[in-house]
Every structure is written in C-alpha cells, then in structure tokens.
Amino acid sequence: MSFEEKKFFIAGVQHHELHEVIRDIKEGDELELICEPDNKFDLNAVRIELEDTMLGYVPKKFSAEVNAALEIGRDLECIVTKLNPSAKPWEQCEVTINQIDLDDEDDTDSDEPPFNED
C-alpha cells in the first residue's frame with residue numbers, strides 16, 4: 001500500500017511560531033514531521049517543525065494516515081509549496097507530504113554488470 005500525496009495548510013499556526021519564522025521560509029523548503037502520541041486533542045497528532053521551531057500540525061483530517069505511515073517507517077517528506085505571509089495565519093503556509101520512493105535512488109543505472117560469485 002502506498003501513501004497518497006497530501007496537500008494542506010499547516011493547522012494550529014496561530015498557537016505556535018510560524019509567524020516568527022515565516023520570513024525565513026521559502027517554497028521548496030523541507031520541514032520535519034514528528035509524531036506526538038501524548039497530544040490530548042489528537043492521539044495521531046503530527047507536529048510540523050523547521051529546525052526545532054514548532055510551526056503547527058498536520059490537520060486532524062490527515063493526521064491518522066500520516067502518523068500511521070511514519071510509525072511503520074515510511075519515508076515521508078513535507079515540502080513547503082506555497083507561502084503568503086500577508087494571508088490569514090491559517091492560510092500562510094501550504095505544504096505537501098509525499099512518500100519518498102527509495103527505488104528511484106538505487107544504482108540500477110550503472111554500466112557495470114552485477115557482481116556474480118559463480
């Protein structure tokens with residue numbers, strides 16, 4: 001089962017530090033996803049951070065799926081896709097979460113034949 005791309009505005013930013021660092025963020029930046037199982041509002045909560053600065057959360061609508069993917073070891077990336085510092089706080093930073101396809105990173109394009117011990 002593969003992880004389907006999720007695109008959304010970061011939730012809860014008005015309660016965290018996005019406003020303090022938004023001028024330092026640019027489209028294409030990668031943000032960190034951190035499961036927060038002790039969150040009293042959402043047991044599947046996933047924090048979104050930039051260099052240890054808490055920006056907000058994956059919206060509850062997507063948190064269970066993102067949390068489950070992280071818990072089973074899926075490699076996910078969270079990329080800033082749209083920034084608008086003058087928008088309402090909850091519409092300032094849009095991100096996309098994708099699964100990183102490690103198959104694309106293997107060395108199958110090498111011109112050398114595979115090693116054989118025969």
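Residues numbered from 1 in each chain as written. Predicted model: local features only at pLDDT ≥ 70, side-chain atom pairs only at ≥ 80, totals over all residues. Heavy atoms only, no water.

Peer 1: Explain the confidence of the model for the protein to me, please; I cannot follow it from the model alone.
Peer 2: Fine structural detail should not be taken from predicted coordinates in areas where pLDDT scores are low. With 85% of its residues at a pLDDT of 70 or more, the protein shows a mean pLDDT of 88. This stretch, residues 105–110, has a pLDDT under 50; its non-local contacts, to residues over four places away or in other chains, come to 1 contact. (pLDDT = per-residue confidence, 0-100. Contact = heavy atoms within 4.5 Å.)

Peer 1: Sorry, what's going on with the pattern of salt bridges here?
Peer 2: Where charged atoms of side chains with opposite charge meet at close range, the side chains can pair. Under the criterion given, the structure shown has 4 salt bridges. Between Asp29 and Lys26 there is a salt bridge, with its nearest N and O atoms 3.3 Å apart. Assessed through its relative accessible area of 16%, Asp29 is described here as buried. A salt bridge links Glu36 to Arg47; the nearest nitrogen and oxygen atoms lie 3.0 Å apart. Taken together, the residues Glu36 in the loop between strand E2 (30–35) and strand E3 (46–50) and Arg47 in strand E3 connect sequence positions 11 residues apart. (Salt bridge = Lys/Arg side-chain N within 4 Å of Asp/Glu carboxyl O. Buried < 20%, exposed > 50% of the residue type's maximum accessible area, 1.4 Å probe, protein only. Helix = DSSP H or I, 4+ residues; strand = E, 2+ residues; numbered from the N terminus.)

Peer 1: I tried to follow a negative patch on the surface on my own but got confused; where do I start?
Peer 2: On the surface, a cluster of negative charge is contributed by Asp24, Glu32, Glu51 and Asp52. Here Asp52 is to be found in the loop between E3 and strand E4 (53–57). In this structure Asp52 comes out as exposed when scored by relative accessible area, which is 70%. (Patch = residues over 30% accessible without salt bridge, like charges linked within 9 Å, V, L, I, M, F, W, Y side chains within 5 Å. Areas by Shrake-Rupley, 256 points an atom, 1.4 Å probe, with all protein chains shown as cover. Lys, Arg positive; Asp, Glu negative; His and termini not counted. Charge placed at Lys NZ, Arg CZ, Asp CG, Glu CD.)

Peer 1: Please explain the layout of surface pockets as it appears in this structure.
Peer 2: Empty pockets left among the atoms are what a rolling probe the size of a water molecule brings to light. Here the largest pocket defines a volume of roughly 190 Å³. Taken together, Ala11, Gly12, His15, His16, Asn39, Phe41, Asp42, Ala45, Tyr57, Val58, Pro59 and Lys60 make up the lining of the largest pocket. Of the residues that constitute the lining of the largest pocket, the class distribution is 6 nonpolar, 4 polar and 2 charged. (1 Å grid on protein atoms, 1.4 Å probe; cavity = no way out; pocket = protein on both sides within 12 Å on 5 of 7 lines; lining within 4 Å. Points joined across faces, edges and corners; volume = space filled by probe spheres on them. Nonpolar A, V, L, I, M, F, W, Y, C, P; charged D, E, K, R; others polar.)

Peer 1: Just to check I follow, could you spell out the side chain of Ser63 for this structure?
Peer 2: Take Ser63: it is sitting in helix H2 (residues 60–71). Under the relative-accessibility criterion, Ser63 is labelled buried at 1%. Excluding its chain neighbours within four sequence positions, the residues that come into contact with Ser63 are Asp42, Asn44, Ala45, Val46 and Val58.

Peer 1: Which parts of the structure should I look at to understand the pairing of strand E5 (residues 76–83)?
Peer 2: Two faces make up the sheet, and in a regular strand the side chains alternate between them. Strand direction decides the pairing type here: E2 and E5, joined by 2 bridges, are antiparallel. Across the sheet, residue Glu30 finds its bridge partner in E5, namely Ile79. (Pairing = 2+ DSSP bridges.)

Peer 1: Quick question: what am I supposed to make of the sheet that holds E4 here?
Peer 2: Sheet strands line up and pair through hydrogen bonds in the backbone, either parallel or antiparallel. Taken in spatial order, the 6 strands make up an open sheet running E1-E6-E5-E2-E3-E4, and their pairing is antiparallel. Both outer strands of the open sheet, strand E1 (6–9) and E4, are each paired with one neighbouring strand and no more. Pairs of neighbouring strands in the sheet enclose a mean axial angle of 35 degrees, with direction left out of account. Contacting E1, E2, E3, E5 and strand E6 (93–99), H2 runs over the sheet at an angle of about 85 degrees to E2. (Axes fitted to C-alpha atoms, helices over the stretch in contact; angles between N-to-C directions.)

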